Structure formats: C-alpha cells, structure tokens
Amino acid sequence: MNSFEVKTLKENTYFTDEVFLDKSFILLNNSTPVTGQLIGELTDWNFDTVYSEGVIGIARTVIASSVTAEQQKTQQNADTADSSTQPPGKSALEKALTNAHISLDDTISEAARIETVKSVYNEYLNYITAVYTRFATHKELNLDDLSKEVRELCIFIKDDKSYILRITPTEEALTKNYLANHSLRSTILALAIGLQLRMPLPKLIELGVATILHEIGMIRIPPQLYMTDKALTPGDRKQIFTHPVLSFQILKEANFPLSIQLGVLEHHEKENGQGYPQHLTGNKISLYAKIISVACSFEAITASRHYKAAKTSYEAMVEMLKNESLQYNPTIIKALLYTLSLFPIGAYVFLSNGKVAQVVDVNPDNPKNPLVEISGMADQHEKPLRIQTNDTDMKIIRVLTKQEADDVMTALTKNNT
C-alpha cells in the first residue's frame with residue numbers, strides 16, 4: 001500500500017483507489033475529491049499520512065472509465081444531497097432493506113435468504129463506515145439519522161435474527177475496516193441480547209446507537225496503537241484506555257442523550273470494579289454499558305486481531321459463561337446464552353449420528369440443544385433438513401475447527417454449482 005503525506009495533498013484531486021486513514025479505516029473512495037477542509041482537519045487531528053493502493057489523479061476524468069453509468073448517476077445524486085445530514089451509502093442501505101422486506105418470505109431458498117440478509121449486513125457496514133468517516137472528516141454526527149437506521153436494524157434482527165447471526169465476514173473484510181466491523185458485529189449482538197431481555201423499541205434504538213458509537217473515540221488515538229501486533233508499553237495501554245472518555249466527550253459535545261453517553265463511557269467497566277475508566281461496580285454501571293460490554297467482548301474473542309487468532313464462537317461462549325472474577329452481569333450473560341445457544345448460531349458441529357450440521361436457531365427451552373441444518377441433506381420440500389438436537393440420538397459431539405468448517409463450506413459450494 002502506498003503512503004501519501006497529508007501536506008502534499010492538493011484540493012480537487014482524486015485517487016484511483018480507496019484512501020485509508022490508518023491502513024484499515026476508509027477515508028475516501030475513488031469518486032470523492034480531496035478537499036481543502038479535509039486536508040485542514042487531517043492536519044488539525046495530527047494525521048500526517050494517508051494510504052492507498054492507487055495513485056493521485058488530477059481530475060474526475062482520471063477515474064471515469066472505471067465507473068459505470070449507474071455509479072455515476074448514484075454519485076451525482078449523492079453530490080446534490082445534504083451531506084451534513086445524509087452520510088454516503090444511505091440510499092443503498094434503504095434499497096437493501098426494501099428488497100429484503102419484499103423477498104424474505106418462506107418461498108425463497110435458504111441460500112437466497114442468506115444472500116439477501118448478507119446484502120443488508122454489508123450495507124449496514126457501509127453505513128457505519130460512512131458515519132465514522134463523516135465524523136473523522138467533518139466532526140459531524142446525526143442522532144436522528146442514526147436512530148432511524150438503528151430502528152430498521154432492530155426490526156430486521158427481530159424478524160431474521162437466526163440468519164443475520166450466521167453472517168461471518170471474511171478475514172480480509174474484518175481487517176479492512178476494523179472499527180466499523182467491530183461496531184456492527186457488536187451492535188447486532190447487543191440488539192439481539194436486548195430483544196432477549198424484551199427491551200422496548202425506544203430503548204433498543206438507544207442501545208444500538210450507543211453500540212455503533214462506542215469506539216468513536218478511537219479516531220482520536222494514533223491507529224498504530226490499536227492496529228499493532230507488538231506488545232504495548234504501559235504508556236500505550238494508558239492512551240488506549242482513554243477511548244471511552246474520548247467517545248463520551250464526543251457524544252456530549254454532539255448533545256446525544258445522557259443514557260447513550262453513559263453506555264459509551266462505561267462499556268469497559270466490570271461488575272467486580274476492575275474495569276475502566278471509573279472502576280464502577282454492579283448497579284453503578286448503566287444497563288446499556290453492561291450489554292455493550294458482553295457483546296463487545298464476545299465479538300473481540302471471535303474476531304482475529306493483529307496480535308491474536310480468532311477463537312470459535314463456542315470457545316467464546318464457554319469463556320463468557322465462565323465469567324472469571326465475575327466481570328460481567330449474570331443476567332446479560334444468560335441473555336447471550338439464550339440468544340445464541342451454547343453452540344452459537346452459525347457454528348458447524350459434529351453430531352452423534354456421524355453427520356455434520358450448522359447451528360441455525362436456538363431452542364428456547366434448552367440452550368444446549370439448538371436447531372441445526374444437516375449439511376448436504378434436504379427435506380421433502382427440497383429445503384435444508386432441519387433437526388432438533390437432543391441429549392441422546394441427535395447429540396452434538398463437538399464443534400468443528402475453523403479449518404474443518406471452511407472445508408465443509410467449500411464442499412457445499414462445489415455441490416451447489
């Protein structure tokens with residue numbers, strides 16, 4: 001990836017490929033010009049360098065040949081919209097949600113349903129990326145817009161929880177934009193937990209907004225600190241520990257509700273008082289923060305980082321259930337268990353009958369025995385064969401390793417082509 005010093009950037013120039021703030025956070029796409037305001041704000045925030053696989057052009061015509069007529073039309077529409085209230089990609093998100101509402105019914109195939117849900121997931125990822133980018137470049141956050149999109153996400157998760165929880169981004173996607181990916185995955189988990197706790201919609205919306213923005217303060221921390229694979233010094237660690245306070249300050253300045261501010265500020269607090277930044281205990285921690293803490297931790301365990309490999313969702317669930325030193329609220333942990341099951345939705349498992357299956361839904365009566373789809377087998381309606389596991393003849397013996405699961409998915413893909 002090429003590096004470009006901010007002080008050398010010129011107004012009204014275009015890059016031929018995406019531009020990154022920290023080798024993972026997308027700053028511009030190849031149809032958006034460098035502006036004087038952007039250069040000034042990068043300088044104010046002490047960002048000296050940006051990164052891109054492309055090179056700098058001198059006009060929009062440099063990239064015109066790689067943009068379709070439809071993309072040009074979409075960009076023109078975006079250019080004329082009020083950019084202070086409408087982050088890029090919003091219309092694409094609305095279109096994906098509309099298509100999903102139309103097409104997600106019992107008549108479509110499981111593969112088509114997964115692809116539809118995946119398209120919604122990807123557009124929410126683009127939306128969150130746009131929110132973070134908008135704040136990084138313009139210091140703007142729009143509560144009304146965020147609340148509207150989170151409301152739609154709440155409804156979508158309620159209707160299609162068992163599908164969206166099965167979406168597993170590629171390693172490349174996870175590392176391409178760490179903050180946005182972590183925020184979206186944590187938000188989906190947090191909202192699913194909130195639904196399990198029967199929280200009312202207005203509270204779910206606040207929880208979702210808080211979870212999306214719980215890492216917004218990271219933008220004010222040098223990215224080499226949280227993207228490095230090297231051991232952090234005590235000074236580095238201390239600087240990272242400031243991000244909840246930075247996030248809180250950002251939302252306070254933007255006049256977000258206090259409940260959302262506190263959820264962001266306290267999401268690294270622990271029930272035992274060993275968290276940060278205030279070392280709060282038990283009931284002194286806000287409900288939103290307790291939920292974000294569990295969702296954020298589960299996501300972090302199951303996602304690879306520069307310094308560690310990802311664990312399986314089953315390993316993550318076992319680790320969360322151990323609740324060492326009583327870090328997490330037991331009620332939230334129980335809600336996580338009944339949301340995902342002991343063998344979490346999306347995991348591939350080996351059954352006592354010798355078959356391989358994927359966990360596709362929870363059993364509300366027993367989180368140890370989820371509903372699974374037998375790989376490569378169909379029912380009388382030509383749909384994937386679904387079986388309720390139990391403790392006798394249809395028992396889950398173990399969870400497949402990541403490599404084994406990848407091999408199963410590869411085999412299924414070949415069989416379907």
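Cut-offs and rules
- Residues numbered from 1 in each chain as written.
- Predicted model: local features only at pLDDT ≥ 70, side-chain atom pairs only at ≥ 80, totals over all residues.
- Heavy atoms only, no water.
- Helix = DSSP H or I, 4+ residues; strand = E, 2+ residues; numbered from the N terminus.
- Pairing = 2+ DSSP bridges.
- Axes fitted to C-alpha atoms, helices over the stretch in contact; angles between N-to-C directions.
- Expected span 1.5 Å × (residues − 1).
- Buried < 20%, exposed > 50% of the residue type's maximum accessible area, 1.4 Å probe, protein only.
- Salt bridge = Lys/Arg side-chain N within 4 Å of Asp/Glu carboxyl O.
- Parallel < 35°, antiparallel > 145°, perpendicular 65-115°, else oblique.
- Left-handed = near helix turned anticlockwise from the far one by under 90°.
- Contact = heavy atoms within 4.5 Å.
- Nonpolar A, V, L, I, M, F, W, Y, C, P; charged D, E, K, R; others polar.
- Phe/Tyr/Trp six-rings, centres within 6.5 Å; stacked < 30°, edge-to-face > 60°.

(A) Up close: the environment of Pro-202. Relative to the helices and strands, Pro-202 resides in helix H9 (residues 201-212). For Pro-202 and Ser-147, which are 55 residues apart along the polypeptide, the C-alpha to C-alpha distance reads 9.2 Å.

(B) Representation of the sheet that holds strand S7 (residues 371-378) in the model. If you walk across this open sheet you meet the 5 strands as S8-S7-S6-S5-S9, and the pairing is antiparallel. Each having just a single partner strand, strand S8 (384-388) and strand S9 (396-399) make up the two edges of the open sheet. Averaged over all pairs of adjacent strands, the angle between their axes in this sheet comes to 45°, without regard to strand direction.

(C) View of helix H8 (residues 178-196). Compared with the 27 Å implied by 1.5 Å per residue over 19 residues, the 27 Å span of H8 between its first and last C-alpha is a close match. Taken across its 19 residues, H8 has 17 buried, putting it largely inside the fold. Once H8 finishes, Arg-198 follows within two positions and takes phi at roughly 60°, a positive value.

(D) Region of the structure containing the pattern of salt bridges. This model, assessed by the stated rule, comprises 15 salt bridges. Ionic pairing is found between Glu-319 and Lys-311, a salt bridge with its closest N-O pair at 3.2 Å. Salt bridges linked by common partners bring Glu-110, Arg-166, Glu-373 and Arg-386 together as one network.

(E) Main features of the packing of H9 against helix H14 (residues 287-302). Two elements in contact, H9 and H14, have axes whose closest approach is 10 Å; the angle formed by their N-to-C orientations is 55°. The orientation of H9 relative to H14 falls into the category oblique. Considering only the axes of H9 and H14, their crossing is right-handed. Contacts from Lys-203, Glu-206, Leu-207, Ala-210 and Thr-211 in H9 reach Tyr-288, Ile-291 and Ile-292 in H14. Of the residues contributing to the contact of H9 with H14, the split by class is 5 nonpolar, 1 polar and 2 charged.

(F) Main features of the packing of aromatic side chains. If you walk through the whole model with that rule in mind, you get 3 aromatic pairs. Relative to Tyr-276, the ring of Phe-241 lies with its centre 4.2 Å away and its plane at 25°, an arrangement referred to as stacked. Of the two residues, Phe-241 sits in the loop between helix H11 (234-240) and helix H12 (243-253) while Tyr-276 sits in the loop between helix H13 (258-265) and H14, which places them 35 residues apart along the sequence. What makes Tyr-276 buried here is its relative accessible area of 16%. Their ring planes at 5° and their centres at 5.1 Å tell us that Tyr-314 and Phe-343 sit as a pair that is stacked. With Tyr-314 in helix H15 (residues 313-322) and Phe-343 in the loop between helix H16 (330-340) and strand S5 (348-351), this residue pair connects regions lying 29 residues apart in the sequence. Given a relative accessible area of 10%, Phe-343 falls into the buried group.

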